[in-house]
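Read off the chains here:
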Amino acid sequence: TVDQLSVLLGARYDYFDVEAEEQAVSLLGIPYGDGVHKDTESALSYNLSVSYKMDAGFVPYATYATSNSLSTNQLGGIIASSVDNGEYLAESKLAELGVKYTSEDGDIFAGLTLFDQEKEDRIGQLNALVAVYSKGLEFELRALLNNYFSLTATATKIETTEVSDGALAVINGADFAIQNGLEPY
């Protein structure tokens, strides 16, 4: 921090040493699978945020972050077939531009943020690898009314697009229902 300008830089280095095996049994009780899959990989995640604290309580800021994490199934395990091709790591990128406000007495906080995010995810029981692209606008307002009560209001406008590797992936169930002539509730 220099005067009213702040720069925050963060980084994380991860080393992944994975081992996965599919241990399944057919309806006839016959075990199947193709052995243990092993791999090692390293990944760097980082973020950069710049903000400027104005005298009137406003803080405009910009943030860029990239992150890498394990892509797991619903039970938290690594999918054996994803090990050989490196799909067990999922990357996420986030860019934000916004402004925050805190009143002089700290009783009111507000934030307005534009964001653009890309991430990879595994969807449900199909284990389909899906790329999700989101952009939108977020608003948050918090007010401390007294020592016992506070008020919080949030609103988000988001546009999400998903791209799947050949499997059906439904991120927004309401949109899916409307597109297929169904009621979204």
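A brief structural summary. Computed from a prediction, not measured in an experiment: that's the story for all the values here. (Residues numbered from 1 in each chain as written. Predicted model: local features only at pLDDT ≥ 70, side-chain atom pairs only at ≥ 80, totals over all residues. Heavy atoms only, no water.)

1. What to know about a negative patch on the surface
Moving on, step 1. A cluster of acidic side chains, namely Asp 17, Glu 19, Glu 21, Glu 22, Asp 34 and Asp 84, defines a negative patch on the protein surface.
Moving on, step 2. Counting through the fold element by element, Asp 34 comes out in the loop between strand S3 (31-32) and strand S4 (36-52).
Moving on, step 3. For Asp 34, a relative accessible area of 58% translates into the label exposed. (Patch = residues over 30% accessible without salt bridge, like charges linked within 9 Å, V, L, I, M, F, W, Y side chains within 5 Å. Areas by Shrake-Rupley, 256 points an atom, 1.4 Å probe, with all protein chains shown as cover. Salt bridge = Lys/Arg side-chain N within 4 Å of Asp/Glu carboxyl O. Lys, Arg positive; Asp, Glu negative; His and termini not counted. Charge placed at Lys NZ, Arg CZ, Asp CG, Glu CD. Helix = DSSP H or I, 4+ residues; strand = E, 2+ residues; numbered from the N terminus. Buried < 20%, exposed > 50% of the residue type's maximum accessible area, 1.4 Å probe, protein only.)

2. Considerations on the pattern of salt bridges
Moving on, step 1. Taken as a whole and assessed by the stated rule, the structure comprises two salt bridges.
Moving on, step 2. Across the salt bridge formed by Asp 14 and Arg 12, the nearest N and O atoms sit 2.7 Å from each other.
Moving on, step 3. The class of Asp 14 is buried, set by a relative accessible area of 17%.
Moving on, step 4. The exposure class of Arg 12 is partly exposed, given its relative accessible area of 41%.

3. Thoughts on a nonpolar patch on the surface
Moving on, step 1. A surface patch of nonpolar side chains, about 710 Å² in accessible area, is lined by Leu 5, Val 7, Leu 9, Leu 48, Val 50, Tyr 52, Met 54 and Phe 58.
Moving on, step 2. Elements supplying a minimum of two residues to the nonpolar patch: strand S1 (5-21) and S4.

4. As for the environment of Val 2
Moving on, step 1. With respect to the helices, strands and loops of the structure, Val 2 is situated in the segment before S1.
Moving on, step 2. Relative accessible area serves as the criterion here: at 58%, Val 2 is assigned to the exposed category.
Moving on, step 3. In the structure, Val 2 is positioned 50 residues away from Tyr 52 in sequence and 9.7 Å away in space, judged by C-alpha atoms.

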